[in-house]
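Observations on chain architecture
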Amino acid sequence: PRPCPLCDAVDHRPIAKHAAHHLVRCGACNMVFVGQAPTNEELFAYYAGYPVHDNVSPVTLRRYNELLDGFEQYRRTNRMIDVGCGAGIFLEEAAKRGWEVHGTEYGERALAACRSRNIRIIEGALDPSNYEPEGFDVVCSFEVIEHVPHPKAELERLASILRPGGAMYITTPNYRSLGHTLAGAGWSVVNYPEHLNYFTPRTLRRLGVTQRLRAVRVLTTGVSLMRLRFRHSDGSGGRVAAMASQEDLRQRLEVNPFLRFAKWSVNAVLNFTGLGDSMKGTFVKP
């Protein structure tokens, strides 16, 4: 049995609709997580075939650059790290702006992709001893915190290499999202042993508090139409079609002013209510 990864309590309450994935809710702090710790064999078997996405759409590149615009206010040392950086595409965009970029990742395919982009990459989990203490202006972690067995320890490592006044940027799925409500037991984000922690805006903020990080903003945006259409099906053809359909919609939302305003309005409501599928937290170290 796994203690609560947020408050260490052992008062677990099973979540019936996600029982097949061992989800429980903490009776002390309401954190949702996998109550049964996966074995190393389960993890190795699952991640052996984990995909590496070596290209992204123009829309995603635009979002990356908007995010980098916001990071300019934190630039002092000129150093940025992305922990779990995948193929390094975000860091490549940052390097074009003059940032000294670093990354960590698993797997030879991802490492080779990062090296081809001239990114300083270290294989494996973040080891703070590889870096100068408090040496980074910006520490990023995209869709990683839900995977790690001990998120508090992970956040402590991230915070140790972030300079005072620097920004930590974390993204993760929102368990309280509208997409989850609509998909119910078929919400594809719930997937053992891939995802072990399921945050909401409140529990993500509380995670930041464990390291005395100040939450500048925690946004919740978007509804994944691909997840709603495809849910838990494993058919690769249907998944590809759903992804293509979603990307086509993203492109049309970008170029049509009316649709762009509609998207902005929907995201404003989703963020105000805390119901967006994707959670984006910006924290500052005092």
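We now turn to the structure provided with this report. (Residues numbered from 1 in each chain as written. Predicted model: local features only at pLDDT ≥ 70, side-chain atom pairs only at ≥ 80, totals over all residues. Heavy atoms only, no water.)

Quick look at helix H3 (residues 89-96)
Those residues of H3 lying buried are Ile89, Phe90, Leu91, Glu93 and Ala94. Against the buried residues of H3 lie helix H2 (58-71), strand E4 (79-83), strand E5 (100-105) and strand E7 (136-142). (Buried < 20%, exposed > 50% of the residue type's maximum accessible area, 1.4 Å probe, protein only. Helix = DSSP H or I, 4+ residues; strand = E, 2+ residues; numbered from the N terminus. Contact = heavy atoms within 4.5 Å.)

So, the layout of surface pockets
Its boundaries defined by the atoms lining it, the second largest pocket holds a volume of some 160 Å³. Looking at the second largest pocket, it is lined by 13 residues, and the ones nearest its centre are Arg2, Pro3, Pro5, Pro149 and His150. The class makeup of the residues in the lining of the second largest pocket is nine nonpolar, one polar and three charged. (1 Å grid on protein atoms, 1.4 Å probe; cavity = no way out; pocket = protein on both sides within 12 Å on 5 of 7 lines; lining within 4 Å. Points joined across faces, edges and corners; volume = space filled by probe spheres on them. Nonpolar A, V, L, I, M, F, W, Y, C, P; charged D, E, K, R; others polar.)

A few points about unusual backbone geometry
Following Tyr192, the chain continues into Pro193 via a peptide bond in cis, with omega recorded as 5 degrees. Position of Pro193 relative to the elements: it lies in the loop between helix H6 (178-183) and strand E9 (197-198). Backbone geometry at Asp8 places phi at a positive 70 degrees, although glycine is not the residue there. On the basis of relative accessible area, Asp8 is assigned to the partly exposed category, the value being 48%. For Glu134, which is not a glycine, the phi torsion comes out positive at approximately 55 degrees. Structurally, the position occupied by Glu134 is in the loop between strand E6 (120-123) and E7.

Quick notes on the packing of aromatic side chains
Applying the stated criterion across every chain, the model contains twelve aromatic pairs. On the basis of an interplanar angle of 75 degrees and a centroid distance of 5.8 Å, the ring pair of Phe71 and Tyr169 is categorised as edge-to-face. Within this pair, whereas Phe71 is found in helix H2, its partner Tyr169 is found in strand E8 (residues 162-173), the two being separated by 98 residues in sequence. Taken individually, Phe71 and Tyr169 each receive the classification buried, so the pair is uniform in this respect. Members of the aromatic cluster, each reached through a chain of ring pairs, are Tyr64, Phe71, Phe90, Phe142 and Tyr169. Lying across the ring of Trp99, Arg75 places its NZ or CZ 4.2 Å from the centre. (Phe/Tyr/Trp six-rings, centres within 6.5 Å; stacked < 30°, edge-to-face > 60°. Lys NZ or Arg CZ within 6 Å of the ring centre and 35° of its normal.)

Observations regarding the sheet that holds E4
The seven strands are arranged E6-E5-E4-E7-E8-E11-E10 in an open sheet whose pairing can be described as mixed. Sheet topology places E6 and strand E10 (214-221) at the edges, where each strand pairs with a single neighbour. Geometrically, the sheet is characterised by an average inter-axis angle of 15 degrees between neighbouring strands, direction not taken into account. Strand direction decides the pairing type here: E7 and E8, joined by six bridges, are parallel. Each residue of the ladder has a partner; that of Phe136, found in E8, is Leu162. Across the sheet, helix H7 (residues 201-209) touches E8, E10 and strand E11 (278-284), and the angle it forms with E11 is around 25 degrees. (Pairing = 2+ DSSP bridges. Axes fitted to C-alpha atoms, helices over the stretch in contact; angles between N-to-C directions.)

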